[in-house]
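# Residue-level structural notes
So you can see what is in the structure, the chains are spelled out below.
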Amino acid sequence: MKGREFNFETGVPHRKFGHFQIENFEYLIRLRYGVGLQMTLFSFTTRASRVRAASKVFIPDFHNQFHGGSHPQGGKEVKVVQNPEAWFVKVVCTLFVYSQPWNDGCLGYLSKNLTPMIELEVVKWLNNPAFGLKFLEFSRVNFNISHSFWTYNFLLRSFCQMGLYDSAKLVFDYMRVDGHLLDSTILGFMISSFGRAGEFGMAKKLLAEIDEVVVSIFTLNNLLNMMVKQNKLEEAVSLYKENLGSNLYPDTWTFNILIRGLCRVGKVDQAFEFFNEMRSFSCFPDIVTYNTIINGLCRANEVDRGHYLLNEIQSRDYCSPDVVTYTSVISGYCKLGKMEEASAIFNEMISSGTAPSVITFNVLIDGFGKVGDMLSAKSMYEKMVSFGCIADVVTFTSLIDGYCRVGDVNQSLQLWNAMKVRNISPNAYTFAITINALCKENRLQEAREFLRELQCRNIVPKPFIFNPVIDGFCKAGNLDEATLMVREMEGKKCHPDKVTFTILIIGHCMKGRMLEAISIFNKMLLVGCAPDDVTVRSLISCLLKAGMPSEASRIATIASQDMKLASSSSLEKNAPLRINRGVHVAA
């Protein structure tokens, strides 16, 4: 080093600085590359202007020894630290990372010179929450200093953002032991962080431990909402009851969250208990509350009770039914096939000045189609424009389904052309309904063309779309085409299901190909697709008629030992096709 020497016994440069004092002690930094270096800590006791000058002299000297040259690594200029405390922070970080254990002189010096704000900067400068926590634990034991609220806040948020919730809880415990007063903001942040990670047990434990801070209703509602969304409904209800009157003073949103969760799983009566409990907490149901519980009632086929609540809303001064309210009741009546009641609610909706939505029209069109009233369905379709509603793929799919149900497949095909003109893309159900209808009329080649078009679109194919065509070709005796379609399915990552295998097994039995039928059954077991009683009984019956009792016995043994058969299941429940159980085996 030109112009000066460095005394490795004292760690102090020989050059004398008259304008500031130096207090030094030795310590050893164990560098990554195994080189030991002695350094000096400086306690600056002069004016800021002189400190800056001193820092400019010392920092290059330290850098020169640390890197073994006058230029830093990477060829970049040294950035002079103007703030002496910032330099001190760097030195403490380096000590902590590379030099353990510390001697008494080092510990004594740091005990006298570290402040809560410097320790916060050390934790930040370490740039690693795990190191920061270790420094916090080390300094709590060895230094007579209390960490600031902001140090704990920084570590808490860092650990939560990294998903290290056990470490965050440990920091939180240290914070309480050190006597820091908690506030609802940091507590709410931790509870919400635990909830987002699905750590509901930790969130509930934290709530149980804290009694000196009232958690905001927003935080608790947010936690309840996350629990309901992650299907932790029972835990959410339990949390509500456990904290009622202590941490929890519910509002309307609280009840809406619980009512929505209960209605979603069909527990409408329990939802009504919360609905009736609202007024005892000076909470009044809003339109969201009514819509949620009306929708739950209609989904549970208790549409008349939903209709009663609709009338109740109309009598309230603070609440009025909206399009969702009316559409929920209309949809409920449509699912029950009560189209007169659904139409009456629709007319009432129009009279009240509430404009119907596309969804309103879609449920009515679908309802009329399912009861075979295509004139009314078409009338609803034509009314859409006058209310500013544009038909979508659901509208056309419902119309196509209605025409297919009444046997007017050609009219449904014309709707496909109308969709193309409007640039509306069909979905999987549009294809499935049309293909199934064509197969029922034995128009297999047209159905095959629709399947080819399906495979050219960005639609994930499902077995229930292919099964009617495969069944049609099997019944027509064209097993090669049916087998080819199964290969196409598998090529599109669409794996055959129970119905597909059963169709193929029965199809091969009808043609007298018993060995192929057995092979298909074995493949069915191999891929983990459990046969039901229809599959097993059909195959056994065909094997016995074909004079293969040993194979029939083997199939029966496999079915009784390894397969859990659902005695009441049937293929008609699994797909829109019928399989003739009276299978005739070819001679």
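Values in this document were obtained by computation on a predicted structure and should not be read as measured data.

### Remarks on the pattern of salt bridges
- Tallying each qualifying case throughout the model produces 16 salt bridges.
- Here Asp-269 makes a salt bridge to Arg-305, at a shortest N to O gap of 3.4 Å. Of this pair, Asp-269 sits in helix H13 (residues 268-277) while Arg-305 sits in helix H15 (residues 303-314), placing them 36 residues apart in sequence.
- Owing to a relative accessible area of 32%, Arg-305 belongs among the partly exposed residues under this scheme.
- Put simply, Glu-441 and Arg-443 hold a salt bridge, and the shortest N to O gap is 3.0 Å.
- Judged by its relative accessible area of 38%, Glu-441 is partly exposed.
- A cluster of three or more residues bridged by salt bridges with shared partners is formed by Asp-366, Lys-370, Asp-401 and Arg-405.

### Digging into a positive patch on the surface
- A cluster of basic side chains, namely Lys-229, Arg-260, Arg-264, Arg-299 and Lys-335, defines a positive patch on the protein surface.
- Within the secondary structure, Lys-335 sits in helix H16 (residues 323-335).
- The class for Lys-335 is exposed, based on a relative accessible area of 60%.

### Regarding helix H11 (residues 233-243)
- All buried positions along H11 are accounted for by Leu-233, Ala-236, Val-237, Leu-239, Tyr-240 and Asn-243. What you see down the axis of H11 is that its buried residues fit within an arc of 155 degrees, all on one side. Opposite the buried face of H11, by more than 90 degrees, sit the exposed residues Glu-234, Lys-241 and Glu-242.
- Turning to H11, the residues buried within the fold contact helix H9 (200-209), helix H10 (217-229), helix H12 (252-264) and H13.

### Some words on the nonpolar core
- Core analysis: the largest hydrophobic core is formed by 166 residues, its most contacted members being Trp-102, Leu-110, Leu-114, Ile-330, Leu-364, Ile-435 and Ile-470.
- What Trp-102 contacts, discounting residues up to four positions off in sequence, is Leu-95, Phe-96, Leu-107, Leu-110, Phe-138 and Phe-143.

### Focus on the packing of aromatic side chains
- In total, this model carries 15 aromatic pairs according to the counting rule given.
- Their ring planes at 65 degrees and their centres at 5.7 Å tell us that Phe-346 and Phe-361 sit as a pair that is edge-to-face. Residue Phe-346 is found in helix H17 (residues 339-351), and its partner Phe-361 is found in helix H18 (residues 358-370); the two are separated by 15 residues along the sequence.
- Exposure remark for Phe-346: the relative accessible area of 2% places this residue in the buried category.
- Taking the relative accessible area as the measure of exposure, Phe-361 reaches 0% and is therefore buried.
- Ring plane angle 65 degrees and centroid distance 5.9 Å describe the contact between Tyr-381 and Phe-396, whose orientation is recorded as edge-to-face. With Tyr-381 in helix H19 (residues 374-383) and Phe-396 in helix H20 (residues 393-405), this residue pair connects regions lying 15 residues apart in the sequence.
- Three or more aromatic residues joined by ring pairs make a cluster, and in this case those are Tyr-240, Phe-255, Phe-274 and Phe-281.
- Looking at Arg-157, its charged tip hangs above the ring of Phe-189, at a distance of 4.3 Å from the centre.

### Regarding unusual backbone geometry
- For Asn-231, which is not glycine, the phi dihedral falls at a positive 60 degrees.
- In this fold, Asn-231 is placed in the loop between H10 and H11.
- With relative accessibility at 62%, the residue Asn-231 sits in the exposed group.

### Some words on the packing of helix H26 (residues 498-510) against helix H28 (residues 533-545)
- H28 packs onto H26 with a crossing angle of 10 degrees between their chain directions and a minimal axis gap of 10 Å. On the basis of the axis angle, H26 is roughly parallel to H28. Here H26 contributes Lys-498, Thr-502, Ile-505, Ile-506 and Cys-509 to the contact with H28, which in turn contributes Val-534, Thr-535, Ser-538, Leu-539 and Cys-542.

### Observations regarding the environment of Asn-436
- The residue Asn-436 is located in helix H22 (residues 428-440) in this model.
- In this structure, the C-alpha to C-alpha distance between Asn-436 and Phe-466, residues 30 residues apart in sequence, is 9.0 Å.

### Considering the side chain of Thr-325
- Here Thr-325 lies in helix H16.
- Contacts of Thr-325, omitting those with residues within four sequence positions, involve Ile-287, Asn-291, Ile-294, Leu-310 and Ile-313.

### Section: helix H14 (residues 287-299)
- Between the first and last C-alpha of H14 there are 18 Å, a value that for 13 residues agrees with the 18 Å anticipated at 1.5 Å per step.
- For H14, the full list of buried residues reads Thr-289, Tyr-290, Asn-291, Thr-292, Ile-293, Ile-294, Gly-296, Leu-297 and Cys-298.
- If you follow the buried residues of H14, they end up packed against H12, H13, H15 and H16.
- Count one or two residues on from H14 and you reach Asn-301, which has phi positive near 65 degrees.

Calculation rules
Residues numbered from 1 in each chain as written. Predicted model: local features only at pLDDT ≥ 70, side-chain atom pairs only at ≥ 80, totals over all residues. Heavy atoms only, no water. Salt bridge = Lys/Arg side-chain N within 4 Å of Asp/Glu carboxyl O. Helix = DSSP H or I, 4+ residues; strand = E, 2+ residues; numbered from the N terminus. Buried < 20%, exposed > 50% of the residue type's maximum accessible area, 1.4 Å probe, protein only. Patch = residues over 30% accessible without salt bridge, like charges linked within 9 Å, V, L, I, M, F, W, Y side chains within 5 Å. Areas by Shrake-Rupley, 256 points an atom, 1.4 Å probe, with all protein chains shown as cover. Lys, Arg positive; Asp, Glu negative; His and termini not counted. Charge placed at Lys NZ, Arg CZ, Asp CG, Glu CD. Arc of directions from axis to C-beta. Contact = heavy atoms within 4.5 Å. Core = buried A, V, L, I, M, F, W, Y, C linked by side-chain atoms within 4.5 Å. Phe/Tyr/Trp six-rings, centres within 6.5 Å; stacked < 30°, edge-to-face > 60°. Lys NZ or Arg CZ within 6 Å of the ring centre and 35° of its normal. Axes fitted to C-alpha atoms, helices over the stretch in contact; angles between N-to-C directions. Parallel < 35°, antiparallel > 145°, perpendicular 65-115°, else oblique. Expected span 1.5 Å × (residues − 1).

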